[in-house]
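Remarks on the overall topology
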There are 4 protein chains.
Amino acid sequence: MKNNKPKYNQIIEAAVKVIAENGYHGSQVSKIAKAAGVADGTIYLYFKNKEDVLVSVFEEKMGEFIKQIEESTNQKQNANEKLFTLIKMHFEQLSADYHLAIVTQLELRQSNYDLRIQINNVLKRYLTVLDNILKEGIQQQLFRDDLTIPLVRQMIFGTLDEIVTNWVMNEQKYDLNKQVPAVHDLFMKGLSVD
Amino acid sequence: MKNNKPKYNQIIEAAVKVIAENGYHGSQVSKIAKAAGVADGTIYLYFKNKEDVLVSVFEEKMGEFIKQIEESTNQKQNANEKLFTLIKMHFEQLSADYHLAIVTQLELRQSNYDLRIQINNVLKRYLTVLDNILKEGIQQQLFRDDLTIPLVRQMIFGTLDEIVTNWVMNEQKYDLNKQVPAVHDLFMKGLSVD
Amino acid sequence: MKNNKPKYNQIIEAAVKVIAENGYHGSQVSKIAKAAGVADGTIYLYFKNKEDVLVSVFEEKMGEFIKQIEESTNQKQNANEKLFTLIKMHFEQLSADYHLAIVTQLELRQSNYDLRIQINNVLKRYLTVLDNILKEGIQQQLFRDDLTIPLVRQMIFGTLDEIVTNWVMNEQKYDLNKQVPAVHDLFMKGLSVD
Amino acid sequence: MKNNKPKYNQIIEAAVKVIAENGYHGSQVSKIAKAAGVADGTIYLYFKNKEDVLVSVFEEKMGEFIKQIEESTNQKQNANEKLFTLIKMHFEQLSADYHLAIVTQLELRQSNYDLRIQINNVLKRYLTVLDNILKEGIQQQLFRDDLTIPLVRQMIFGTLDEIVTNWVMNEQKYDLNKQVPAVHDLFMKGLSVD
DNA sequence: AATGAATGAGGGTTCATTCAT
DNA sequence: TATGAATGAACCCTCATTCAT
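Treat the numbers as computed from the prediction; the structure is a model and nothing was measured.

Residue and element names in this part refer to chain B. Where helix 1 (residues 6–22) meets helix 4 (residues 50–74), the axes come as close as 10 Å, and the angle between the chain directions of the two elements is 95 degrees. Considering their axes alone, helix 1 and helix 4 lie roughly perpendicular with respect to each other. Taken together, the residues of helix 4 that come into contact with helix 1 (itself represented by Y8, I11, I12, E13, A15, V16 and I19) are V53, L54, S56, V57, E60 and K61. Of the residues in the contact of helix 1 with helix 4, the class split is nine nonpolar, one polar and three charged.

Below you can see the structure in the form of structure tokens.
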């Protein structure tokens, strides 16, 4: 198992730090290696190439990110609360990890098409969580039954992602966590007065 | 005036085509020049450097994109219809220009931080249009008066952007325009049953 | 005749100014053209190529420089006075023309081998003046008759050139003209005590 | 230590050869690398950039050149003999190294202002040797005590440099070493008959 | 397993020169 | 004569990857 090798994790952690501090294009393999305390060549004993390092960063970090959301939402009984928890956990985790937020929202987006395909694969698990909450909400008659699930999923994910990106680009000046109720309320009630 | 110079436009059009077909990192200056039917050096008579070409592509294309949305929404009387028109025009224009959709949704996002800052400046006009519709809707008592405008704006933009990006990444297999009423409905009514 | 064309001289004068202010490598044809108030292409109506401009600058300016020295030394009766006058005129003329001194001592030396060959041709007239003074001095029994003329010529030219170059590189902080008697004295008497 | 790295010296030697044979402007990094038997990128493991290679060539070669002169003159007892030895060593060393003479006398002078500043710094050691000989000569009452040392230093250096440059530009057709006594004699006795 | 010196392909940009007007 | 827009060849440097030790 990859993850049990200590150097593997050293490299992943170093990569997050280096990318957050130097940007995607300022993160040479040699810089990551140095930050990880290994030789350049050692990177290639644990990763196929540089792209594999970046994908792995995303997989490891987003895997944990999604796992936390899964576990937290599972503890809630109804879809409404689950949605609230998902939003809360999404904002909370990225608020808590300064480096990670920069890396996922800004830097890894500069990767090429192929890398983004792989990133999307990782995100599928997140989208599945969302889909399940939506289905459950409809069954529980908390959500409208005429909703197109993929569309709603895109709305929710697009919104959360946009909000976090804006927050990161504004140098994280305000408290993201305070937005949770308003965002949840917006999803639930929409714009209309009645 | 920049725009009246035919070579300027030739280069812009060539850049869109080359970037759409070769990806951001596969779009060398020489490739763009060849596609535009000019010499490499000619690029530098019209643009400061390669980045300036890319910024200009975005400015010209998104400028027109936003102008169309502004004009169309201005012809509508109430905020509800304006929002509908905005969504419709957003999807319509990107549906209609295969290359442009790829470039704006996928390729230009791979640009570095500085370029993305400039891209965001161009998008401000779009966000202003959105903000004005929202303010108008609240005044007209069509939208709830407890809405946080920046948040709603982020929701709408994030959603539309995510939907278009998904459509492009799915190789534009389905008809984006058919989604307009559902998206509009989603924004208006939210998820709740009542 | 080249010299009667006003544009020819405009370009020469512009070249001296531009090279003095921007250095050899910062003096593009377009910059010289602009300073001369002509179009880039016009340069090529009066000069074969850029190198020809630079050679012509040297020819024109050094031609006048040497002519002044020839005329002044011719008015002196003996070789000793002629040598004194040559040194005086050499320093005087370069002291008086700030731009010219920079161009001849520093910038044109950065030219390539071929250009320097042509520069040396221009300097031959100067060296001939020197040789004649030396021959005359020997005939007049003012100078030792065992002198090797080419060697002495190289000593005198090398010395004057080195002194002026040092003065230019020290940003012309001291008065070059005050050095004339000491330099002349040095040439005449050498280092020995007796 | 730089000098113990074999590649460092390979590159220096290759640079001298390439510059001597192709001229300053014909000496691309790739050409130097090829001549040194290393990859282009290897140059940048040992030198900051191309200019650093050229400065280092001058530092290494002139450093050795000056060291030889220092050691040889130190073995002589009086200033007169030291001056003779300095001239002799100056001519001897450049006579002995065909490539080096071309590089120092012709090609490196085509470098830009910044590089020439650094070259001048290297030469300061040579000028100090000269100054010390002059001071010693005055103390020993072998040289006139009314000499202005900087001026005499400029005369001697300017003369030697001009003589060697002429010899190189004449394709080294005559024996430079035979000139030593005459040059020394000229410095000592000057031009005057008495 | 680990090292790190060495590799070498690849591209944005400048600028002397040309030529249609 | 004069223009100046257009040309396109030329080059330094970076950095992901390899491989002998």
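Still to come is the rest of the account.
Moving on: the protein's contact with DNA strand F. Close contacts around DNA strand F come from 29 residues, with B:T42, B:Y46, C:K5, C:T42 and C:Y46 the closest. Within 4 Å of the protein, the contacting atoms of DNA strand F are 72% sugar and phosphate, with bases supplying the remainder. In this structure, a phosphate oxygen belonging to DNA strand F sits 2.9 Å away from a side-chain N or O atom of B:K7. Side-chain polar atom of D:K50 to a phosphate oxygen of DNA strand F: 2.8 Å apart, as the coordinates give it. Only helix 3 (40–46) of chain A, helix 3 (40–46) of chain B, helix 3 (40–46) of chain C together with helix 3 (40–46) of chain D provide two or more residues apiece to the surface near DNA strand F. Counting residues per element, the surface near DNA strand F draws most heavily on helix 3 of chain C, at five residues.

Now for the arrangement of the chains. At the C-alpha level, the nearest point of chain B lies 14 Å from chain C, with no contact between them. Across the gap from chain B to chain D, with no contact made, the nearest C-alpha atoms are 22 Å apart.

A few words now on the relation of the copies chain A and chain B. Copy one and copy two of the chain differ by a rotation about a common axis and a shift along it. With an RMSD of 0.2 Å, the fit of chain A onto chain B corresponds to turning through 179 degrees and sliding 0.1 Å along the axis. Within this description, the copies of the chain are treated as partners about a two-fold rotation axis. Most of the interface of chain A is mirrored in chain B, where 98% of its interface residues again form contacts.

Per the UniProt record, "domain: HTH tetR-type" (unreviewed entry) is found at residues 5–65 of chain A. The straight-line gap between the two end C-alpha atoms of residues 5–65 of chain A is 21 Å; of that span, 79% is helix and 0% is strand.

The positions that UniProt labels "DNA-binding region" (unreviewed entry) are, in the present scheme, residues 28–47 of chain A. A distance of 15 Å separates the end C-alpha atoms of residues 28–47 of chain A, which is 75% helix and 0% strand.

Residues and elements named next belong to chain B. You can see S72 is positioned in helix 4. C-alpha separation for the pair S72 and D161, spaced 89 residues apart in sequence, amounts to 19 Å. Dropping the residues within four chain positions of it, S72 is found in contact with T85 and M89. A polar atom in the side chain of S72 sits 2.9 Å from the backbone oxygen of Q68.

Here we come to the protein's contact with DNA strand E. Neighbouring DNA strand E are 30 residues; A:T42, A:Y46, B:Q28, D:T42 and D:Y46 lie closest to it. A share of 70% is what sugar and phosphate atoms reach among the atoms of DNA strand E within 4 Å of the protein. The contact in question runs from a phosphate oxygen of DNA strand E to an N or O atom on the side chain of A:T42, over 2.4 Å. At a separation of 2.8 Å, a phosphate oxygen of DNA strand E approaches a polar side-chain atom of B:Y44. Of all the elements in the fold, those that place two or more residues in the surface near DNA strand E are helix 3 of chain A, helix 3 of chain B, helix 3 of chain C together with helix 3 of chain D. Residues belonging to the surface near DNA strand E are distributed by class as follows: 12 nonpolar, 10 polar and eight charged.

It is worth spelling out the environment of A:K88 at this point. All names here are of chain A. The topology assignment puts K88 in helix 5 (residues 79–96). Looking at K88, the relative accessible area reads 35%, which means it is partly exposed. On a C-alpha basis, the gap between K88 and N112 in space is 30 Å, while along the polypeptide they are 24 residues apart.

Time to look at unusual backbone geometry. Its identity as a non-glycine residue notwithstanding, A:Q141 has a phi of 55 degrees, on the positive side. Judged by relative accessible area, which is 62%, A:Q141 ranks as exposed. With phi around 55 degrees, B:Q172 is a residue other than glycine that occupies positive phi space. Turning to its location among the elements, B:Q172 is positioned in the loop between helix 8 (149–169) and helix 9 (180–189).

Our focus in this paragraph is the interface of chain D and chain C. On the chain C side, the residues contacting the 40 residues of chain D number 41 residues. For the chain D and chain C pair, buried surface summed over both sides reaches about 3900 Å², with 60% attributable to carbon and sulfur atoms. When the area that chain D buries against chain C is broken down by residue, the three leading residues are D:R144, D:L151 and D:L191, summing to 21%. Inspection of the region where chain D meets chain C yields two salt bridges. Between D:R144 and C:D185 there is a salt bridge; the shortest N-O distance is 2.4 Å. Seen at the junction of chain D and chain C, the total is 17 residue pairs in polar contact (both at pLDDT 80 or more). Of all the elements in the fold, those that place two or more residues in the side of chain D that touches chain C are helix 7 (113–139), helix 8 (149–169) and helix 9 (180–189) of chain D. Here the element with the most residues in the side of chain D that touches chain C is helix 8 of chain D; it accounts for 11 residues.

How big an interface is tends to be stated in terms of accessible area lost as the parts join. At the junction of the two partners, chain A supplies 41 residues and chain B supplies 40 residues. Three residues stand out in chain A for area buried against chain B, namely A:R144, A:L151 and A:L191, and they jointly supply 20% of the buried area on that side. The tally of links from chain A across to chain B stands at two salt bridges. Taken together, chain A and chain B are joined by 17 residue pairs in polar contact (both at pLDDT 80 or more). Each residue belonging to the side of chain A that touches chain B can be placed in one class, and the counts come to 21 nonpolar, 13 polar and seven charged.

How each quantity is defined
Position labels on residues start from 1 in each chain and follow its written sequence. In the order they appear in the text, chains get letters beginning with A and ligands get numbers beginning with 1. Only residues with pLDDT of at least 70 get local features here, since the model is predicted, and only at 80 or more are side-chain atom pairs given and counted; chain-wide, interface and lining totals rely on the full set of residues. Values reported for side chains reflect all heavy atoms of the structure, with hydrogen atoms and water molecules removed beforehand. Axes here mean lines fitted to C-alpha atoms, for a helix over just the part in contact, with angles spanning 0 to 180 degrees between N-to-C directions. Under the scheme used here, helices are H or I runs from DSSP no shorter than 4 residues and strands are E runs no shorter than 2 residues, and both carry numbers assigned from the N terminus. Note on terminology: angles under 35 degrees are roughly parallel, angles over 145 are roughly antiparallel, angles of 65 to 115 are roughly perpendicular, and the others are oblique. Contacts between residues were defined by any pair of non-hydrogen atoms, one from each residue, lying within 4.5 Å. Residues are grouped as follows: Ala, Val, Leu, Ile, Met, Phe, Trp, Tyr, Cys and Pro are nonpolar; Asp, Glu, Lys and Arg are charged; every other residue, Gly included, is polar. Any residue with a heavy atom positioned within 4 Å of a molecule or strand is treated as near that molecule or strand. Two N or O atoms count as a polar contact when they lie within 3.5 Å, although within protein this holds only if one can serve as hydrogen donor and the other as acceptor, and sequence-adjacent residues are included solely when both atoms are side-chain atoms. The copies are overlaid by a least-squares fit using only the C-alpha atoms of residues whose pLDDT is at least 70 in both copies. UniProt positions are given in the numbering used here, feature names are shortened, and annotations may be inferred rather than shown by experiment. Buried, partly exposed and exposed residues are distinguished by accessible area as a fraction of the type maximum, computed with a 1.4 Å probe on protein chains only: under 20%, between the cut-offs, and over 50%, respectively. Summed over both partners, the accessible surface that disappears when two parts come together, traced with a 1.4 Å probe, is what is meant by buried area. The rule for a salt bridge is simple: a side-chain nitrogen of Lys or Arg has to be within 4 Å of a carboxyl oxygen of Asp or Glu.

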